Each structure stands twice: as C-alpha cells, then as structure tokens.
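The lines below spell out each chain.
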Amino acid sequence: MKPVAPSPASARLKRGLTALVLGMISCAARDRTVVTSQALTLLNSTDALAHARALAGRLWTACKGDASRAAAAAWPLVFSRAITRAEAAQALAFLQAREADWTKVPPGADAPPTGGGEVLIPPARGAAWVEWCLALLNANEFVYVD
Amino acid sequence: MWTETKSSLLSRRDWLRHAGGGLGSLALTSLLARAGWLHAAEPPAAANPLAPRPPHFPAKAKAVIHLFRHGGPSHVDTFDPKPALTKLNGQPPPEEFHQLKLPFTDVKKQKLLGSRQSFSRGGRSGVEICDSLPQLQQCADELCVIRSMHHAVFNHTPAIWFLNTGSALPGRASLGAWLAYGLGNVADNLPSFVVMHTRPLKPGPGVWGNGFLPAVYQGTRIGTGPMAIPNLSPPPQLRGSNQRALLDYLQDLNRSHAAQRHDYELDARIASYELAYRRQSAAPEAVDINREVLRCFRWPSGRPSRWRRG
C-alpha cells in the first residue's frame, strides 16, 4: 500500500494537533517509578556489597580506623557536604550497636572492608563498617540528584 | 513559583505542560471525564500505587493463571478443528487467498498443512477436543474455549507481543500490568503480578512489562529454589544478623532528607524499602512448594480421581 502524501496544510494541522495532545497528556517522559526490586538489589546484591566494602576500606585506611573521623570523611565523599553533629552522633551509635550485635552473632562469611592494607580489622567491626557504608550508598541523598 | 529548595523547581517538562497546556488539559480532562473515560480508571494515589481498588463489577476470580506456551501445540491441533483445512491438506491455498500479503512468504507457492488429529466432543457442552487429550475431554464442561479471536500478525515476535499486550508493536502494558494497575494488590508483602518462565521469551521481558504505565505495575519474575526472587536475602557476609537495624538507620537518613524536600518519589522510595524488607520474609514461604498442603492438588469437585496427586 502506497501512503497518500498529505497536503501541506493538513500535514501541518496533524502535526500541530499531535504536538498539542502529546504535550498535554503523555509526552514520553522517562519512567521514574520506584520498584521494590531496586531496593532489594541495592541492599542485597553482591555488587552493592563490593561497593560498600570498598568505601569502608577507603575510610578505614584514610582515618586509621577512627569512627568519628570516618564519619566526618564519609559525608563529603558520599553526599558532597559536611556532616551535621546529629548525623555524626547517629553514625557512631549505629557503628557501636552493630559491632556489638556482630560480636554476638558473627557474620555468615568474612567480608572485611577492602583495600584496608595489612591492618587486621576485627570481623565484627569490619562487618559494622561495611553495613554502615551500605546504608550510606542506599540513602536517597546519595541515590537521587537534587 | 520559585522556591529555595532545588528539588521543587519545575522541570522543563512540567513548565511546558503548565504554561502551554494548562487550560487545554483541564478542558480535555473534563471532556474525557464526561465521556466516562477517566471515570473508569482514576489514576492511583501517589501514596500507595498498589492500594487495592474495587473492580467495576463483582469479581468471580481471586487469581488468574495465564499460561503462555511458546511453541506449544497449535489451536488447530487441540481445541479448534478446521475441517476445510484438513480437506485441503497438501494443496496450495485456494485462489481467494492469493492476494494475501504476508512477510517473507509468497502465499501462492505454499502448501496447506491440515491437522493430523482426530477430534471428539466432550461433556454436555460438546466442546471438540483432540483425541490426544482424552483426560481433558472428560473435563470439557469445566472449560471455556474461545474460538472467536483472530488477528493479522504473522510473525513470531510480533505475535508474542500481540498475545501478551494486545499490540503487535512493543511498548504496550501487559495484561498483568493492567490488572495490577486497575485492581491494586491485596497482598501486602507479595507482588500481585508474578511471572515464571523456563527460558526467556524471544521479545524480552517487555512481554510482561508495564509499557507506558508506572514501573511499579510490571511483572515480578520469580524462579525456583531458595533464590526464587533475585537479591531477596542479604549476601552471606551480612546474613544472620538483624537487618532491621540497617534499615532503621537508612530510613532515619531518608526521612530527614525527605523532610527538607517535597517529593513523592522520595516517600515512595522509603516505602519501597519497607516493602522490600517485608517481602524478604514473606516471599520464600510463598514460593516454597514443599510446604504446600496435599488437598490443593485435588480437583475442586473431586470428580476425576486421576487428577489427584499420588
């Protein structure tokens, strides 16, 4: 079937109408919906864990294992801003509580912060640091561009 | 219109819509509503796009199982006998079909292939079913066979699109996505639309996709075994301890971040983490067939005893 060439006027009208209707209802916008599988991937995938371990290792090395210095260093790295006092206190509390938990129930497999050099990191503390970095990399402030 | 928080700035798209199409879209919306188009399917609330919504008519079914059998036996060989085709087996198509334009095919040069199956009527309804399915013939009255559907899609891939989304071209929402959109989800911790397949389908995962609907309505693929849903449980390094603690910390970060902004998407993401957490505990149980009770395998009416398991 050969398409019939529309007259310039009707083509213009058709284009105009299409643009009008599309512009108002459903221009092909990029899909921005959040789905659960995204959350599961960022929380539980081995890839996400590898990134969290790398970040934890980087902070551990840079701050020589000092948690409050690591928190102060993490915020500019991850969120491009300074940490607030409340956030620092929250981070330290989280790290302490998690280390205590991991001491009671050791991690199922060892996955210390990577790139930590020769320094031996106690498994419970290492797991807490990795978990903390995983939380930072899952935070909306990191995932979304303002 | 302009405020200090960056995230509440209008996007270019929003600005164009508000500035250019504001009045027009209002008029259109009201026209569509009057015509009953918008009334039928109110867009789901931003808060929970999966909140259950009542159907327009009382529901007769609680669940739908749609088996799409890629490469399965044809309708001509199973439920849809074609006596004329059988008669013309091995002959070229009658002249009236020669004008038919099919891709990659010259109709005149083809030969017709009739079914080699014989058919018998089963049950009180007298539905014709091929004799290779004698047990199904006994259940004829439990079946509803639709023979009135036809289409003009000749090739495999467009046909798969057509059957699953209603359009031979990619980009439409699948039937399951429409159901999730229209009815929501009655299960809090489980997806309403799940997909199982042995091998990936030719056209790709879009076959159970959301098309132009929000992504939350797409099918969730589940496999078999302990990792039926990918990334459902933490990696072994972080397993065995209280993941709730991590989530609580994360949600604290997210809530104070969201408090400074007005963005439904951030709320949706916070909610999606909660759903992900609940799903972690509910989903493994749902896909574990070993915990299935035996009576589920019995035919509801208890009639054909050979349907029973074991």
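Residues numbered from 1 in each chain as written. Chains lettered and ligands numbered in written order. Predicted model: local features only at pLDDT ≥ 70, side-chain atom pairs only at ≥ 80, totals over all residues. Heavy atoms only, no water.

In this structure, what is going on with empty space enclosed by the protein? I would like to understand it.
Gaps left between atoms show up when a probe the size of a water molecule is rolled over them. Residues and elements named next belong to chain A. Enumeration over the complete set of coordinates arrives at 1 cavity of 30 Å³ or more. Approximately 50 Å³ is the volume attributed to the largest cavity. When residues in the lining of the largest cavity are grouped by element, the largest group, 4 residues, is from helix H6 (residues 123–138). Looking at side-chain class alone, the lining of the largest cavity contains 9 nonpolar, 2 polar and 1 charged residues. (1 Å grid on protein atoms, 1.4 Å probe; cavity = no way out; pocket = protein on both sides within 12 Å on 5 of 7 lines; lining within 4 Å. Points joined across faces, edges and corners; volume = space filled by probe spheres on them. Helix = DSSP H or I, 4+ residues; strand = E, 2+ residues; numbered from the N terminus. Nonpolar A, V, L, I, M, F, W, Y, C, P; charged D, E, K, R; others polar.)

Would you explain unusual backbone geometry in this entry?
What you tend to see is this: most non-glycine residues have negative phi, and most peptide bonds are trans. Residue and element names in this part refer to chain A. Backbone geometry at Lys64 places phi at a positive 50°, although glycine is not the residue there. Locating Lys64 in the fold gives a position in the loop between helix H3 (46–63) and helix H4 (67–79). For Ser80, which is not glycine, the phi dihedral falls at a positive 60°. Structurally, the position occupied by Ser80 is in the loop between H4 and helix H5 (85–104). Residue class for Ser80 comes out exposed when judged on its relative accessible area of 64%. (Buried < 20%, exposed > 50% of the residue type's maximum accessible area, 1.4 Å probe, protein only.)

Would you explain the pairing of strand E2 (residues 127–130) of chain B in this entry?
The side chains of a regular strand alternate between the sheet's two faces. All names here are of chain B. By the bridge criterion, 4 bridges tie strand E1 (residues 119–122) to E2 in an arrangement that is antiparallel. Bridging from a neighbouring strand, Gly122 pairs with Val127 of E2. Once E1 ends, the chain turns through 4 residues before running back antiparallel as E2, passing Gly123 with a positive phi of about 65°. (Pairing = 2+ DSSP bridges.)

Quick question: what am I supposed to make of the environment of Thr165 of chain B here?
Residues and elements named next belong to chain B. Relative to the helices and strands, Thr165 is located in helix H5 (residues 156–165). Residue Thr165 is classed as buried on the basis of its relative accessible area of 10%. Spatially, the C-alpha atoms of Thr165 and Trp178 are 9.4 Å apart, while their sequence positions differ by 13 residues. Thr165 has contacts with Arg172, Ala173, Ser174, Gly206 and Val207, leaving out every residue within four places of it along the chain. A distance of 3.3 Å separates a polar side-chain atom of Thr165 from the backbone oxygen of Ser167. (Contact = heavy atoms within 4.5 Å. Polar contact = N/O pair within 3.5 Å; in protein donor to acceptor, adjacent residues only side chain to side chain.)

What's the story with the packing of helix H7 (residues 243–259) of chain B against helix H8 (residues 264–287) of chain B in this structure? I'm lost.
The relative placement of two packed helices comes down to the angle between their axes together with the axis-to-axis distance. Residue and element names in this part refer to chain B. In contact at an axis separation of 10 Å, H7 and H8 are set at 170° when each is read in the N-to-C sense. The angle between H7 and H8 places the two elements in the roughly antiparallel class. Contact residues: H7 offers Gln243, Arg244, Leu247, Leu250, Gln251, Asn254, Arg255, His257 and Ala258, while H8 offers Leu266, Asp267, Ile270, Tyr273, Glu274, Tyr277 and Gln280. A per-class count over the contact of H7 with H8 returns 7 nonpolar, 5 polar and 4 charged. (Axes fitted to C-alpha atoms, helices over the stretch in contact; angles between N-to-C directions. Parallel < 35°, antiparallel > 145°, perpendicular 65-115°, else oblique.)

Can you walk me through the packing of aromatic side chains in this structure?
Given two aromatic rings, one states the distance between the centres and the angle between the planes to describe the pair. A complete count under the given rule lists 7 aromatic pairs over all chains for this structure. Aromatic pair Trp60 of chain A and Trp129 of chain A: ring centres 4.8 Å apart, planes at 70°, arrangement edge-to-face. On the criterion of sequence distance, the pair formed by Trp60 of chain A in helix H3 and Trp129 of chain A in helix H6 is long-range, its members being 69 residues apart. Neither Trp60 of chain A nor Trp129 of chain A differs from the other in exposure class; each is buried. Both rings, one in Tyr181 of chain B and one in Tyr217 of chain B, keep their centres 5.4 Å apart while their planes meet at 85°; by these two values the pair is edge-to-face. With a gap of 36 residues between them, Tyr181 of chain B in helix H6 (residues 175–183) and Tyr217 of chain B in the loop between strand E3 (194–195) and strand E4 (220–221) connect regions that are remote in the sequence. Judged by its relative accessible area of 1%, Tyr217 of chain B is buried. One aromatic cluster is present, formed by Trp178, Tyr181, Phe212 and Tyr217 of chain B through successive ring pairs. Geometry around Tyr277 of chain B places Arg244 of chain B over its ring, the cationic atom sitting 4.8 Å from the centre. (Phe/Tyr/Trp six-rings, centres within 6.5 Å; stacked < 30°, edge-to-face > 60°. Lys NZ or Arg CZ within 6 Å of the ring centre and 35° of its normal.)

Bear in mind that shape data such as this cannot, by itself, settle questions of function.
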